[in-house]
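Take a look at the letters that make up each chain.
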Amino acid sequence: MKRQQKEPNTIAKKQEEKIDYEVYCQYTRVWIPDPEDVWRAAEIIKDYTEGEPILYLKLEDETPLEYRIGPKDNALPFLRNPDILVGENDLTALSYLHEPAVLHNLKVRFTESNHIYTYCGIVLVAINPYEQLQIYGEEVINAYSGQNMGDMDPHIFAVAEEAYKQMARDERNQSIIVSGESGAGKTVSAKYAMRFFATVGGSANDTNVEEKVLASSPIMEAIGNAKTTRNDNSSRFGKYIQIGFDRSYHIIGANMRTYLLEKSRVVFQAEDERNYHIFYQLCASASLPEFKDLALTSAEDFIFTSQGENIFIEGVNDAEDFEKTREAFTLLGVNDSNQSSIFRIIASILHLGNVEICSERDGDSCHILKNDPHLAHFCQLLGVELEQMEHWLCHRKLVTTSETYVKNMSRKQAANARDALAKHIYAHMFDWIVEYVNKSLHTSSKQHSFIGVLDIYGFETFEINSFEQFCINYANEKLQQQFNQHVFKLEQEEYMKEQIPWTLIDFYDNQPCIDVIEAKLGILDLLDEECKVPKGTDQNWCQKLYDRLSSSVHFQKPRMSNTSFIVIHFADKVEYQCDGFLEKNRDTVYEEQINILKASKFQLVADLFQDTNKDSSISTSSSSKSSRVNVRASKPTPKVPNKEHRKTVGHQFRSSLQLLMETLNATTPHYVRCIKPNDEKEAFSFESRRAVQQLRACGVLETIRISAAGYPSRWTYPDFFNRYRVLMKKSDMTVGDKKLVCRNLLETLVKDPDKYQFGKTKIFFRAGQVAYLEKLRADKFRSACIKIQKTVRGWLQRVRYQKIRKSAINLQRYGRGYMARRYAEQLRLTRAALICQKQYRMVRERRDYLRVSQAVVTIQAFTRGMLTRRIFQEFLLHHKAMIIQKHVRGWLTRRKFRRARNAAITIQCAYRCMRAKRELKQLKIEARSAQHLKKLNTGMENKIVQLQRKMDDQSNDLKTQNEQLVVAKASLGSEVNKLQKELEMMRSRQGDGSQLTSLQDELEKLRAELQEAHTHMKKLEEKHSNEKMGLEQRVEELDRENSMLKSEKEEMNRRILHHSKSTEDQESSASQSVGRVQAELDDERQSYQNLLREFSRLEQRYDNLQEAKFQPGHKRNNSTQSSLESDSNYPSISTSELGDTDDAIQIVEEMGVEKAAMDIGVFMKLQKRVRELEQERKRLQVNLEKMEDQVNCKGIEPKTTSEQESEDLAYSSLKRQELESENKKLKNDLNELRKAIADRASQNSSSNELQDGYNLLLGQLKAANEELEVRKEEVLILRTQIVSAAHQKEETTNHIETNNVPEWTNSKKPIDKEEAVRAYHGLCESKKLLEAQLQSQARKHEDELAAFNTQIELLKDDIEKKQEMLNHTMSLSPEAQVEYSVQQEITRLTNDNLDLKELVEKLEKNERKLKKQLRIYMKKVPDLEVSLTASSQPTKAKPQLTRQVTVQRREKDFEGMLEYYKEDEALLVKTLITDMKPHAVSATVPCLPAYILFMCIRHADYINDDQKVHSLLTSNINAIKKVLKKNNNDFEMTSFWLANTSRLLHCLKQYSGDEAFMTQNTAKQNEHCLKNFDLAEYRQVLSDLSIQIYQQLIKVAEHMMQPMIVSAMLESESIPSLAGVKPMGYRNRSSSMDGEGPGSYTLEALIKQLGQFHSVMGEHGLDPEIASQVVRQLFYSINAITLNNLLLRKDVCSWSTGMQLRYNISQMEEWLRGKNLHQSGAVVNIGPVIQAAQLLQVKKKTSQDAEAICSLCTSLTMQQIVKILNLYTPLNEFEERVTVSFIRNIQNRLQDRNDVPMLLVDTKHTFPVLFPYTPSALSLETLHIPANLSLDFLTRV
């Protein structure tokens, strides 16, 4: 443990030693300091590089900011956490751990989500909401009880449960330390913690100790709490309550210790403050009759209660609180007389404060007015002498060694003495009440362990700080030291447990500050020493402090004061005023006044001051043992010296604090830090400045700093694997070891190994690494989303386009047809008129035209000449005028400019001369100083460097721009030349149509060669078995060559890496050339269009040329298509063909599409590649033939063949590896080519012929890619077969060698070969078996495919019919459509009804058949019983189906009764009830024991023996109760007896003779009715017993299901891969989770358990109605537990959990339907969970969404809906959070609901059970009793 001293006022920023400057790039969000909000969010707008002095930021309001960076000024700002981490339950789960992140997370949780609790490691941070929240009810306590601390949302109950659990598990005492400043909510938190212990650990007997523990709170609040400026109910004392537990961990008692009561508040209160509550409560109740003697009036009439000027607290009724205080006194055993005495003492203090002391004329003495009513009331209430008290209030006694003096006191001294007496009385009364409370909570039984709750004041600093603040801050220093050591210890234990290398962490140690206070000659020692001095003063003590402690770094002297001192605490600097320290430390009370009180006639008042010599000045109660027992000496002892009597308050406080620290160190502490969010007490208002002060003071940020110094982010291996498996490769997912997978992934993603560590069960990360991994994960998801969106949008647009195109074509077709018909009709009508008009108009118009045209031409000629001449003259004049104006204006402007310039120069020269003279004079003065020269030099150096850099950058930019211009000019010139050459070539090739035929012939040859290649491939595959045989024989040689292959493999990997780098370079160059190609194509298109316009006569020839150019591409496409069409005959094509295709595509890309389409070289290369493919296949075929020959002659020439085989095998393996690597490279190249060609084709989309060529090329690429995948699969299959054969042969060889080495050393090789041949034959047989299996699977696949095709055809027919029906319907009128649809629906329903009738008939027929068979079998059962009984006895291990007739009967005489003797009743009960096991009668009639018991009751009724009936029923009921009590956790036994009890009840009703129960009986059953007795009372008893058994059954089932529900419904991964996107896992803080690990249950396990419950109830014959009620109750329990956990867990309130929950519910609904229980009401009971799941899935943005939510969630209350919305957590950055405005909108809409203000569902609610009457159809005379029941003493009657 390493300790370091730091500045205690602030927590300095601690950057990592290695700063990653790359993180500070554009768009990175950071935190910067802010004077108002402490920290402010900003965003980097420019990348930051190391060494730059300014960081350019942008605030949230878009305001730019230049943030200066420097080693002295400001360090780099803190980084913000990703949005997905904002609002985490545990602050240590944040990726970046620092002050702004902590503050922001708390603010978001408190203001937006209204979460007041947050974990910070082992600390629970509680923020006071200043509002009553419904989160402390008993249902919340039940929800947190038994849960691990990290499983639920942060809560004070979670901390209490953790303490309770650790106490029970570790058998170690626990402590909960609640601290915080006044008004932060310490008292409330401590009260709720005690309420949790009282509820969970209630007393085992009826002592109600837990109620007494809770009752102590109102009493202590009344006498120890007061209103301050910061808090209306501020505890003005510290208390430590120990709650004791026995070995069963039930509360048996409690004990309370108090610390440093603020006695000064009794006599003085600041403005707007109050005295202790008890004074105001008593004054508010002064009008009660029992308080008339107290002579009290309003609190405003008393000085001690009216100094704050406001005696009321808003929302508090003092009279009602006083009644609660009196009830608490009564519950704790304080009798009325003691209560009356306490109230008399309190009233006397008020009267004492109103005693008026008057000063005498001399000023050195004083007196009290005669007949002062308040003094009289004071003496009367305390029972003391009035004269004595009046005298000693104004006088004091001085005792010396020789004499005793009585001295007068001044008015001020007397008032101080009066106030001291009042404080002393109240302090002793406070101690007496605490002692009495401890006595009432004490128990005589032995305490096994305890849990302590420490409610102590937090760090305080005011404008004026006195002795009380000094003691409070001293106590906080001690507690902070213990807290730091405990946090450091936990961190170290965590690292040790996970075996992480432990690095020493610096943490703040405040021991030097504590030494300044409590060490020898420290502040307290010097204070006690000064108190012993007779005339010691505060100023002298302060001077001693300056002299002794000025050398300490934690002590300072103020500059402007000599009566105060400064102590530098861990939280802040505090200046203490020395005035009053000595007086408060002495706590002086005059002995004469105390002696008067000792002589009081009231025993309680006298007892308060009897031991004043020992503890008169003690302000804190001692331990429980010393406070309970008063030990007195047998003889009177002389007075103890004054030294013991004057033990100072500081010494007492130091002793009690030391005892407290010893107690805390002996326990396991749990910390609760209460934060006050604002000083105005506004609900859910958060002031950052106030909060950060308290966070620094209470040690929360110190916890963060210690965590951040190590590895704060911690993930278990499964959680890390599920979260970041999207970043893994597919090959990594196949590895079974998740630890290895996580290790490999982190080594790949995070290059610095110091950023993470691997523990035994967790991965530890440095701060910021989780944010980096989240960024990588988000980028991966973003790219995947873009790809999915791209594909889906493309598909949608294509579908939309096809629909629009189809609709447009249909519309155009009908429209054009209609127009064409109308136009044809018009043509026919007008043709005749046109012929007639044509001739006439022709003659007339021609004459007019010739006449007009001649005139017009003549006029135009003269007019145009005149206009042209006129325009020319005007233009000439304008031109001359413009020339003149130009010269004149230029001359004027130049003259004006010269004048202005000369004037400006003159003025500038004069002004500059004057400035130069002044500056020269100033420079001469400054030049004399050397400091100025230094400044100039430093500044000039930086400026020169900056200017030089700027010049270099500008020159470089100029060079690059010049180079780009040169390159652009050169490219444009070459492009122009290229286009001209291409134009000439196109003109010259117009007559080359003869090449088409040659190209077609060449393509035909290529097709034939490809066909031959496919045939060769087929032959190779047929000879695959022979090749495999040769490969198996060469396995041994492969082992020797393994090293060589490994080295070559590494070389190939290096080549692949080099090739990948080169391909990346090519991709970059290709992307750069895309722009140039685009520009070139645009220019080419423009020139081409110009050529078309200029040479219109070449248009037809150009079209012909394009057709000729299209034919080679088309033939190429046919060739490719032919190779694709041969897939059905040939399984694959070789990789060499793919290589040729790829080479051709590369040539096409290099030459250009238009050029390559006309170039025959592409097809020549394809032809050449095909020939090489044929040669390669021939060579492989020859090698295979050689292998076969070598196998045949292997026995003759083993050595030569083995060498040749090894060489061939090596060559084959190398060739295979080469082909595989080539396949991978070709696949990458094909993908790149596909993208490039697609882009280029889209650019050239203006030409249809070029577009077709691109489409053909893309088709070729796609086909090649598919064939490449097929080839890859074949290579993998071949490799696996070779490896498996090699392994088999190695195993066989090794086995032979191990078995035969000692015996056959000489014949080793022949035996190995022989075994190898056997292995080879075995491989051949296995190969044949595999081939047969493959063929069978292929046939099976074909059959399935044919079946699917048939289904598809049927569906198509159905769709066509429905389409025809739809078209027919649309063609009808609306009324006809309705009628037609109704007819169709009636027809469909009729058909369905007929089908159902046929099904019912079939089922009825089967039922009749089964019943007939059952009758036959039942008749055979007696014969089988007799035969089996005679042959063998039944075994006990397994229930048998055999039956034995114990009493022979005659059919005509048996009446369904069983007779037994009275003495056999106990044996009957023992056999049928006590010792009965359900499986013993599982194969018989259900509820057999109930029938047997009823048959015995019938016989007792038959013989009219009422005692026998009463005895039998009573013993049966008692026996059933005993059995159920013994098996109170056995569901099967409980279900068994519920079924039998209810059946016995039904039998008593069925055979009671009541006509209401006999309606369904047969005639024979009516004859069996009871004759003599009415058993209605016993029926009621059995009904009550059935209800009890039902409740026990529900309790047992719920107890068995409870551990499963949360895991199965909310945590199990029912939908695969959905749980992988769960939210960030917080750090498992709970130490109780270590080693326990509750088993995780799946939904299948829960459904299986429900199925077991249902099957057990069915097997036992329980009525279906009762079983459905059980299922309904269990589903309610599932709903309640699931919903409560959902409402208390932030990590499960997400979209994926909603989807998972909805799926789980649907599975349970399916189970209900399968069991025919969907009508039982169980689905209604899980309605709230269904709506909660839907709420998690719906949109939560607009007002329409809010309205939909309100209409959807009708089963959820408003509190539940708002809670779920507040807890809703996005899983990734693509999902948005629920805004506060949206939640407010929901609340406003739900205001009108009359919901019960309930957050959690009552898990203990039970529906009322109803046992419907279900008579039995079984005839009692036909009942058979199995022989294995041993009921031979029963006789059938």
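In the block above lies the structure referred to throughout.
In this text the structure is predicted, and so the values were computed from the model without any measurement.

Engineer: Just to check I follow, could you spell out the side chain of Glu 161 for this structure?
Structural biologist: Tracing the sequence through the fold places Glu 161 in helix α3 (residues 156-170). Despite being buried, Glu 161 has no salt bridge partner; Lys 165 is the closest side chain of opposite charge, sitting 4.3 Å away. Excluding anything up to four places from it in sequence, Glu 161 contacts Tyr 144, Ser 145, Gly 146, Gln 147 and Phe 196.

Engineer: I keep staring at the pattern of salt bridges and nothing clicks. Help me out?
Structural biologist: What the rule picks out here adds up to 34 salt bridges. Between Glu 60 and Arg 80 there is a salt bridge; the shortest N-O distance is 3.8 Å. Within this pair, whereas Glu 60 is found in the loop between β4 (54-59) and β5 (64-68), its partner Arg 80 is found in the loop between β6 (78-79) and α1 (99-112), the two being separated by 20 residues in sequence. Overall, the relative accessible area of 60% leaves Glu 60 in the exposed class. Residue Asp 525 pairs with Arg 654 through a salt bridge whose shortest N-O separation is 3.5 Å. Linking Asp 525 in helix α15 (residues 523-532) with Arg 654 in helix α23 (residues 649-665), this pair joins segments that are 129 residues apart in sequence. By relative accessible area, Asp 525 is classed as partly exposed at 24%. Each member of the salt-bridge network shares a partner with another, and the members are Glu 181, Lys 676, Asp 679 and Arg 690.

Engineer: Can you help me understand a negative patch on the surface in this one?
Structural biologist: Taken together, the side chains of Glu 1353, Asp 1357, Glu 1360 and Glu 1364 define an acidic patch exposed on the protein surface. Tracing the sequence through the fold places Glu 1364 in helix α41 (residues 1308-1371).

Engineer: I would appreciate a short explanation of the packing of aromatic side chains in the present structure.
Structural biologist: Inspection of every chain in the model, using the stated rule, returns 38 aromatic pairs. Judged by centre distance (6.0 Å) and plane angle (65°), the rings of Phe 470 and Phe 581 are edge-to-face. You can see Phe 470 sitting in helix α13 (residues 467-497) and its partner Phe 581 sitting in helix α17 (residues 581-586), a full 111 residues away along the chain. Assessed through its relative accessible area of 1%, Phe 470 is described here as buried. For Phe 581, a relative accessible area of 0% puts it in the buried group. Here the aromatic residues Tyr 136, Phe 157, Tyr 164, Tyr 192, Phe 196, Phe 197 and Phe 245 are joined through ring pairs into a cluster of three or more. A cation over a ring is seen here: Lys 1740 above Tyr 1768, with NZ or CZ 4.2 Å from the ring centre.

Rules and cut-offs
- Residues numbered from 1 in each chain as written.
- Predicted model: local features only at pLDDT ≥ 70, side-chain atom pairs only at ≥ 80, totals over all residues.
- Heavy atoms only, no water.
- Helix = DSSP H or I, 4+ residues; strand = E, 2+ residues; numbered from the N terminus.
- Buried < 20%, exposed > 50% of the residue type's maximum accessible area, 1.4 Å probe, protein only.
- Lys, Arg positive; Asp, Glu negative; His and termini not counted.
- Salt bridge = Lys/Arg side-chain N within 4 Å of Asp/Glu carboxyl O.
- Contact = heavy atoms within 4.5 Å.
- Patch = residues over 30% accessible without salt bridge, like charges linked within 9 Å, V, L, I, M, F, W, Y side chains within 5 Å.
- Areas by Shrake-Rupley, 256 points an atom, 1.4 Å probe, with all protein chains shown as cover.
- Charge placed at Lys NZ, Arg CZ, Asp CG, Glu CD.
- Phe/Tyr/Trp six-rings, centres within 6.5 Å; stacked < 30°, edge-to-face > 60°.
- Lys NZ or Arg CZ within 6 Å of the ring centre and 35° of its normal.

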